[in-house]
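# Descriptive analysis of the structure
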Amino acid sequence: MSTFFFWNVAALAAAIYCIAKAVIDLRARRYVWGTIGLLSAAVFLTTPIQTHAVKIDLPATLP
């Protein structure tokens, strides 16, 4: 569970950094770098993270 939490926090921190850097670049009129920063943040935020799934089969109910 701790590695799942660690990677979620790391991805969120990277996305926040990319968004902040993109805003700085866009305000400095570096539109290409700003767009790349926003796309990078979108990739970090939409990448699925594997979790551990547990399947439980319940018995059929009696009539």
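Below is a summary of the structure that appears in this document. Because the structure is predicted, anything quoted here is derived from the model rather than measured. The residue count restarts for each chain, going from 1 along the sequence in the order it is written. Owing to the predicted nature of the model, reporting of local features is limited to residues with pLDDT of at least 70; listing and counting of side-chain atom pairs is limited to 80 or more, with chain, interface and lining totals taken over all residues. Excluding hydrogens and water, the side-chain values take into account all heavy atoms of the structure.

## Here's the deal with the pattern of salt bridges
The test is simple: Put simply, a salt bridge is a Lys or Arg side-chain nitrogen that is within 4 Å of an Asp or Glu carboxyl oxygen. Exposure is judged per residue with a 1.4 Å probe applied to protein chains only, and the accessible area is read against the type maximum: over 50% gives exposed, under 20% gives buried, and values in between give partly exposed.
Enumeration over the complete set of coordinates arrives at one salt bridge. In this structure, Arg 30 engages Asp 25 in a salt bridge whose closest nitrogen and oxygen atoms are separated by 2.9 Å. Residue classification places Asp 25 among the buried residues on the basis of a relative accessible area of 7%.

## Overview of the environment of Ile 49
Operational definition: Every helix listed is a DSSP run of H or I at least four residues long, and every strand listed is a run of E at least two residues long, numbered separately from the N terminus. Two residues form a contact once any of their heavy atoms are found within 4.5 Å.
Along the polypeptide, Ile 49 turns up in the segment after α2 (31–46). Taking the C-alpha atoms as reference points, Ile 49 and Ala 20, 29 residues apart in sequence, are found 23 Å from one another. Residues in contact with Ile 49, not counting those within four places in the same chain, are Phe 4 and Asn 8.

## Some remarks on the packing of aromatic side chains
The test is simple: Within 6.5 Å between ring centres, the rings of Phe, Tyr and Trp (the latter by its six-membered ring) count as paired, and their orientation is classed by plane angle as stacked under 30 degrees, edge-to-face over 60, tilted in between.
On inspection of all chains with the given rule, the structure shows one aromatic pair. A centroid spacing of 5.1 Å and a plane angle of 70° characterise the contact between Phe 6 and Trp 7, whose relative ring orientation is edge-to-face. The class for Trp 7 is exposed, based on a relative accessible area of 54%.

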